[in-house]
Amino acid sequence: MRPITRTLIASMLGATFVAATSANAQSGKEWTMYGGDYANTRYSALNQINTKNVGKLRVAWIRSLGTLESQESTPVVVGDTMYVSTSSGPRYVFALNARDGTIKWKYEPELPRDFMSTVCCGLDNRGVAYANGRVFVTRLDAKMVALDANTGKELWSTTVVDYKNGHAITSPPLIVKDFVVTGYAGGEYGVRGALQAYKQDSGEMVWKTHTIPGPGEPGNETWKGESWKVGGGSTWYVGSYDPKLNLVYWSTSNAGPWGGHTRGNDSSDVGPYTNLHTASQLAFDADSGKIVWHYQMTPADVWDYDGVNEAVLADLSIAGRKVPALMRADRNGFFYVLNRENGNLLSAEPFVHVNWAKGIDKATGRPIEDPTKRPQLKKWARNVCPNLFGGKNWEPMSYSLQTGLVYIPTFNLCMDIAGKEEEYEAGKFYLASEFDLDQADGGGHLSELMAWDPVAQKRVWGIKEDLPILGGAMSTAGGLMFYGDPRGIVKGVDAKTGAILWKFGVGTGIVQSPITYMIDGKQYLAVVAGRIKGPPSFLGKIGQRVIDASAEGGLVIAFELGQ
């Protein structure tokens, strides 16, 4: 596993970096970053709301977000202020009084009229980042801006990449030391993915690392001809960070285009054409951007098993010893546990029904494919499970330090898929593939919120749902796990048993995970809600059921314990 050469835009900084944020959802009362902490656990040490009193939760306040597209933002709470972005650009970023939802300030960016034309799968925005009195916002026109956290005034703006070529940014950046790090989307548009770091105070780029190796870089030989130029490997979701190792963990999307005949052997015998570093987990040196190690989940991906799902970091007791682990529930249906120091595979087992591969070869880390399930040019692979929505999509899972379990929003869907001829045109969809995703797998359910033991690699319990597209999970030291569903029902669950202890209908669909925070000695639960529209449209009649299940909306709602 060799690193590729990165492009250094600025020389190495010799000064000591200032810590961007020391708050951590596991130890503090705030929710200061997307995943709750650098490890992306979405676990809170707060326990005022617990299994004994969760049934007393009542609405504390509601705030309209002013847009109706898919609401996927995770609010960030610093002190008594909540920072939350909306869909459609974002159209707005709000600073709210986290006690009562009143507006402190509102940021409304000016976006180009055509920014929607190169956004793949919905006008979503998943939130902002905070550090050192600044709020960092990424946008669908592929810009990143810094705002004054007290006033909302724009401090600087930088173009990360040209949106007209098919790029967009849908997820919040990661704060690392004095840097703000971001990726971008575009795996369906023939882009070449990269991860980029900027100075927090000025927006000046410090380093940029392409995920797809070019000529002369290790790994370029894994691409047929010049296919690397449009190879995908975008970095559109979120990163994790280990301060002790000084490693940033980011994952990469599908190979582009989906049709494998464009970049390899068009066969299960992929030979050298594994298409590095697509559908991969990468570890970057935080200071230089150099790739320290990589692990590829789906070599020569032809299923759109987009590998961007978040890396969750924890120290696990495996075979009697403490291991610095990285956990990920991948779209390809396997739950991976890697050593986060070096990327070595510790275990990989299916957490949903998988038939495209018979397992993972523990010696090589490669999937053992069923050749009949690999689509080829003008040759259909039928009943492939999971489908390209994956065993898990981007909706975040949570790892509870209290129970040792991971809570995963999973799908139960299959597909037919085949390759086709298609010419690349910049800024246009480039798939070279056709598919039918309107297929339920067995069992009578389309999704399941699953509790998974990452050490024993087995399902502990699950809550089956009749619709796909689950909201993400969040767990707490109160013995609880919270999630929402497409009908707009937020649920409080006993984290050990899976018993539903409380539920409340917010009036519009929930896609994102709830959060929790404490002010003036009172714990709050908050969730953003707004019906998802883009991705379900790929699911035919199944997707229409999701769209019809709730009204349009856009709100953030906070709960508190009643008497």
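A short tour of the structure in this document, coming up. What you see is a predicted model, and the numbers here were worked out from it, not measured in a lab.

**Some details on the overall build of the protein chain**
Turning to step 1, where the next piece is worked out: Within the protein chain, the secondary structure is distributed over one helix and 39 strands.
Turning to step 2, where the next piece is worked out: Taking 2.2 N^0.38 as the reference for a compact globule, 563 residues should give roughly 24 Å; the C-alpha atoms of the protein chain span a radius of gyration of 22 Å, in line with that estimate.
Turning to step 3, where the next piece is worked out: Projected onto the principal axes, the alpha-carbon positions of the protein chain cover approximately 65 × 55 × 55 Å.
Turning to step 4, where the next piece is worked out: For the protein chain, with 563 residues in total, the buried portion stands at 67%.

**What to know about the nonpolar core**
Turning to step 1, where the next piece is worked out: Within the largest apolar cluster, 64 residues are counted, with the highest numbers of intra-cluster contacts made by Met-327 and Phe-335.
Turning to step 2, where the next piece is worked out: The greatest single-element share of this core, amounting to five residues, is contributed by strand 22 (residues 334-339).
Turning to step 3, where the next piece is worked out: Core analysis: the second largest hydrophobic core is formed by 35 residues, Val-506, Tyr-517, Tyr-524 and Ala-529 among them.

**Points about the sheet that holds strand 26 (residues 381-384)**
Turning to step 1, where the next piece is worked out: Overall, antiparallel pairing links the three strands, which are arranged 26-29-30 in an open sheet. Strands at the two margins of the open sheet, each flanked by one partner only, are strand 26 and strand 30 (433-440). Taken over all neighbouring pairs, the strand axes of this sheet differ in orientation by 15 degrees on average, direction set aside.
Turning to step 2, where the next piece is worked out: The sheet contact formed by strand 29 (residues 413-419) and strand 30 spans six bridges and is antiparallel. The residue bridging Asp-416 from the neighbouring strand is Asp-436, located in strand 30.

**Section: the pattern of salt bridges**
Turning to step 1, where the next piece is worked out: Scanning the entire structure with this criterion turns up 28 salt bridges.
Turning to step 2, where the next piece is worked out: Among the ionic pairs, Arg-126 bridges to Glu-72, the shortest N-O distance being 3.2 Å. Of this pair, Arg-126 sits in the loop between strand 7 (103-107) and strand 8 (129-131) while Glu-72 sits in the loop between strand 3 (57-64) and strand 4 (76-78), and the two are 54 residues apart along the sequence. Like Glu-72, Arg-126 is buried.
Turning to step 3, where the next piece is worked out: One salt bridge in this structure joins Asp-315 and Arg-340, with 2.8 Å as the shortest N-O distance. With a gap of 25 residues between them, Asp-315 in strand 20 (residues 312-318) and Arg-340 in the loop between strand 22 and strand 23 (345-350) connect regions that are remote in the sequence.
Turning to step 4, where the next piece is worked out: Looking at Arg-340, the relative accessible area reads 9%, which means it is buried.
Turning to step 5, where the next piece is worked out: Among the ionic contacts, a cluster of salt bridges with common partners joins Glu-69, Arg-531, Lys-533 and Glu-552.

**What to know about helix 1 (residues 540-548)**
One turn of the α-helix equals 3.6 residues, which is why residues spaced by three or four share an orientation.
Turning to step 1, where the next piece is worked out: Turning to helix 1, its buried residues number three or more, namely Ile-542, Gly-543, Val-546 and Ile-547. All buried residues of helix 1 fall inside an arc of 145 degrees around its axis, so they share one side. Opposite its buried face, helix 1 presents the exposed residues Lys-541 and Asp-548, each directed more than 90 degrees away.
Turning to step 2, where the next piece is worked out: Buried-residue contacts for helix 1 involve strand 29 and strand 30.

Here is what the cut-offs are and how they apply
- Residue numbers here run from 1 along each chain, matching the order of that chain's written sequence.
- In keeping with the predicted nature of the model, local features appear solely for residues at pLDDT of at least 70, side-chain atom pairs appear and are counted solely at 80 or more, and the whole-chain, interface and lining totals rest on all residues.
- Based on all heavy atoms of the structure, the side-chain values leave hydrogens and waters out of the count.
- Per the convention used, a helix needs a DSSP run of H or I reaching at least four residues, while a strand needs a run of E reaching at least two, with both numbered from the N terminus.
- The size measure is the radius of gyration over C-alpha atoms, and the globule rule it meets is 2.2 Å times the number of residues to the 0.38 power.
- When a residue's accessible area, from a 1.4 Å probe over protein chains only, is under 20% of the maximum for its type it is buried; when over 50% it is exposed; and in between it is partly exposed.
- In this text, buried Ala, Val, Leu, Ile, Met, Phe, Trp, Tyr and Cys residues form a nonpolar core when linked through side-chain atoms within 4.5 Å.
- The rule for pairing is simple: two strands pair if DSSP sees at least two bridges between them.
- Simply put, an axis is a line fit to the C-alpha atoms, just over the touching stretch for a helix, and the angle between two N-to-C directions goes from 0 to 180 degrees.
- Within this document, salt bridges are pairs made up of a side-chain nitrogen of Lys or Arg and a carboxyl oxygen of Asp or Glu, the two lying within 4 Å of each other.
- The arc in question is the one traced by the directions running from the helix axis out to the C-beta atoms.
- It only takes one pair of heavy atoms within 4.5 Å for two residues to be counted as in contact.

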